[in-house]
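# Breakdown of the fold
If you want the building blocks of each chain, they are given just below.
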Number of protein chains: 2
Amino acid sequence: MYCFTVNPLINAPSRFLLGVCLCLFLIAARAAQDPLPAWSDGSSKRAIIDFVQRVTTAGGPDFVPVAERIAVFDNDGTLWSEQPAYFQLLFAIDRVRALAPQHPEWKTQQPFQAVLDNDIDALADAGEQGLLQLLMASHAGMTTTEFETIVSEWLATATHPKFKRPYTDLVFQPMLELLEYLRANGFKTYIVSGGGIEFMRPWVNGVYGIPPEQVIGSSIKVQYVLRDGVPVLERLPEIDFIDDKEGKPVRIHQFIGRRPLAAFGNSDGDLQMLQWTAAGEGARFMLLVQHTDAAREYAYDRKSHIGKLDKALDEAGEKGWTVVDMKNDWKTVYPFMP
Amino acid sequence: MYCFTVNPLINAPSRFLLGVCLCLFLIAARAAQDPLPAWSDGSSKRAIIDFVQRVTTAGGPDFVPVAERIAVFDNDGTLWSEQPAYFQLLFAIDRVRALAPQHPEWKTQQPFQAVLDNDIDALADAGEQGLLQLLMASHAGMTTTEFETIVSEWLATATHPKFKRPYTDLVFQPMLELLEYLRANGFKTYIVSGGGIEFMRPWVNGVYGIPPEQVIGSSIKVQYVLRDGVPVLERLPEIDFIDDKEGKPVRIHQFIGRRPLAAFGNSDGDLQMLQWTAAGEGARFMLLVQHTDAAREYAYDRKSHIGKLDKALDEAGEKGWTVVDMKNDWKTVYPFMP
């Protein structure tokens, strides 16, 4: 009330803050409608809403202050698709093809030859070591600024082999709503992904509303140097940290320094992140997306090479974590679908 | 206006948001007074206020959106004192003394013997390697939760040798005002310190208003393990990252993913962070605190072992960065001083 009786005295910063206020109010008004329209009514949706109401009810037994409302999301397979391969690997492959003219030696050198010949079997034979070589050849040897441009340009032009659309179209509409719903309730939403931090940062703010400082992921080493007096960060062909499995709670602790209140994943790579979240005191929420929808997206879980969901599915069953059945729990999958 | 005409319809989340609004307004109203009362009128104070006004003036040539208003602060010597030694080293020494009964071998083993005998010369002789041994003996071998308790208990009981007060009293009042002033103008304030992340996180939120997720520093490796089914993070006796000199821009990029708009330091260890900040486009602000006040704090710069300010001072002169003369620019140093 006070805000408005002093109206004539309001200075520029106050006007700005009043704008923020109006904006917050509009968000609140919107949240009063169904906040998750792409979710079918069912146990998953009810569990989400029940959890959010419990931790945001002032004076309630499960109330959590805004500052501690941290939600962490895996990216590949949780916020966007990850088939037929992690999109970052498809980026690496495209990148190797683009760089091939400068590397005639790749024609007879694995795993590069496999990429150039489109030889899936040889690529599989190259194993983890081969994958690492592809990643380093495509992700290192430039400045951080240059890499950001390369990623942005790729996303602007590359299309998914099955859906023939930009990769950033292949994000899950129900998860976009969930991110927004949590933020409207005071949560800070983070990505905690096995994918590269710098592969995600150029686009996740625009697509998910998650700012760069809330993106955690795997990384390669980076070196500060002066080039003609101008400081740059050079990307080195050396792994710094793999943000997967046991690495996820380690990085959450290092980057955020708070235990999440809620964690969202889709594979065994997310199990430790969910365990770490679940082990906190008070109300916590753990959710796994199970890919059950071969028609609209993909169907895979226990035996998949990519996004294998096996141990985590068992543990979710034992501990009562929420498991989303994509086919039945989601009215739509991608924003472009009806 | 809209906020208030619908008053009777306002639901719980909206009431919460209105509270946020009122709070933001009060912050704005307060900022209309002198936001930096502990700063003498002079070129340093003018430079700060001028910069903040330029980047927050909507429609002005230097305007920067709120999301990009990132300010990074060194801690030791910039936000609190660092003499007669980094406070974290004094913590390590106290810790070694507390643990000595469990380590009879330390009586005849350097650098531990030097600590137990209070032998400063022998401690100096132990060099960097000795320092590392002290740090590992005092900072590793427990869970992250246990370490947090140890730090908090030390801060609650230990006192500074000169001022005979808790270390957390030895923070700089003018810098507390500066942090608050920047935040009132939409800046996100970060610590980027050579000190340990986990040594700072237990107390900096209460003392500086900087939440754990905005604390960047040096770190040791941490490992996720299940103890009787309960997940813990164990602190290992192995350096993960030294967040000093060239390391500072590297970590800023990794943790924040945005180039700071403003950087505040006091030593050559902060030079690269200031260079990195300065090299961004548009208005940027770089500031060094020079310790010129032997009476109220300490006086040291070019030849000091701790917090050496030499190359960075030269570069500040060449590039026109703001250099705070503590003795003349600050009306008071610590909050407990008149």
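Along each chain, numbering runs from 1 in the same order as the chain's sequence is written. Chain labels run from A onward and ligand labels from 1 onward, assigned in the order the entries are written. Local features are withheld for residues below a pLDDT of 70 in this predicted model, meaning they are given only at 70 or higher, and side-chain atom pairs are given and counted only at 80 or more; totals for whole chains, interfaces and linings count all residues. Hydrogens and water are ignored here; the side-chain numbers use all heavy atoms of the structure.

## A word on the side chain of B:R296
All names here are of chain B. Labels follow the DSSP assignment, with helices taken as runs of H or I lasting at least four residues and strands as runs of E lasting at least two, numbered in each case from the N terminus. Among the secondary structure elements, R296 is positioned in the loop between β6 (285-292) and β7 (299-300). A distance of 2.6 Å separates the side chain of R296 from the side chain of D293, its partner in a polar contact. Ignoring any residue separated from it by four or fewer positions in sequence, one finds R296 in contact with F163, M326, K327, W330, K331, T332, V333, Y334 and M337. Distance and chemistry together define a polar contact, namely a pair of N or O atoms within 3.5 Å, with one atom able to donate a hydrogen and the other to accept it when in protein, and with adjacent residues in sequence counting only for side-chain atoms on both sides. It only takes one pair of heavy atoms within 4.5 Å for two residues to be counted as in contact.

## Looking at helix α9 (residues 173-184) of chain A
All names here are of chain A. For α9, which comprises 12 residues, the first-to-last C-alpha distance of 17 Å matches the rise-based estimate of 16 Å (1.5 Å per residue) to within 8%. Each residue's exposure class comes from its accessible area (1.4 Å probe, protein chains only) as a fraction of the maximum for that residue type: buried when under 20%, exposed when over 50%, partly exposed otherwise. Along α9, the positions that sit buried rather than exposed are P174, M175, E177, L178, L179, Y181 and L182. Along its buried surface, α9 packs onto α3 (43-56), β1 (70-73), β2 (188-196), α10 (197-208), β5 (262-265) and β6 (285-292). Residue G186 follows α9 closely and has a positive phi angle near 85°. Multiplying one less than the number of residues by 1.5 Å gives the expected span of a helix.

## Some thoughts on the packing of helix α11 (residues 247-255) of chain A against helix α11 (residues 247-255) of chain B
The geometry of a pair of packed helices is captured by two quantities: the angle between their axes and the separation between those axes. Axes here mean lines fitted to C-alpha atoms, for a helix over just the part in contact, with angles spanning 0 to 180 degrees between N-to-C directions. Where α11(A) contacts α11(B), the two axes come as close as 12 Å, and the packing angle between them is 110°. Looking at the two axes, α11(A) sits roughly perpendicular to α11(B). Crossing angle aside, the handedness with which α11(A) passes α11(B) is left-handed. Listed contacts from α11(B) to A:R251, A:Q254 and A:F255 of α11(A) are B:R251, B:Q254 and B:F255. Side-chain classes follow a simple rule in which Ala, Val, Leu, Ile, Met, Phe, Trp, Tyr, Cys and Pro form the nonpolar group, Asp, Glu, Lys and Arg form the charged group, and the remainder, Gly included, forms the polar group. Looking at the contact of α11(A) with α11(B) residue by residue, the classes come out as 2 nonpolar, 2 polar and 2 charged. An angle below 35 degrees is read as roughly parallel, one above 145 as roughly antiparallel, one from 65 to 115 as roughly perpendicular, and any other as oblique. Each crossing gets its hand from how the near helix is turned against the far one by less than a right angle, where anticlockwise is left-handed and clockwise is right-handed.

## Quick word on the pattern of salt bridges
Think of it this way: side chains of opposite charge can pair up when their charged atoms draw near. Residue and element names in this part refer to chain B. The salt bridge criterion pairs a side-chain nitrogen of Lys or Arg with a carboxyl oxygen of Asp or Glu, the two atoms within 4 Å. Tallying each qualifying case throughout the model produces 40 salt bridges over all chains. Across the pair E238 and K221 runs a salt bridge whose closest N-O atoms are separated by 3.5 Å. Here the residue E238 occupies a position in strand β4 (residues 230-241), and K221 occupies one in strand β3 (residues 215-227), the gap between them amounting to 17 residues. Judged by relative accessible area, which is 39%, E238 ranks as partly exposed. Residue class for K221 comes out partly exposed when judged on its relative accessible area of 34%.

## Concerning the packing of α11(A) against helix α12 (residues 271-278) of chain A
Residue and element names in this part refer to chain A. Relative orientation of the contacting elements α11 and α12 amounts to 55°, with a least axis distance of 7 Å. The angle between α11 and α12 falls in the class oblique. In contact with K248, P249 and I252 of α11, α12 contributes Q272, M273 and W276. A breakdown of the residues in the contact of α11 with α12 according to their chemical character gives 4 nonpolar, 1 polar and 1 charged.

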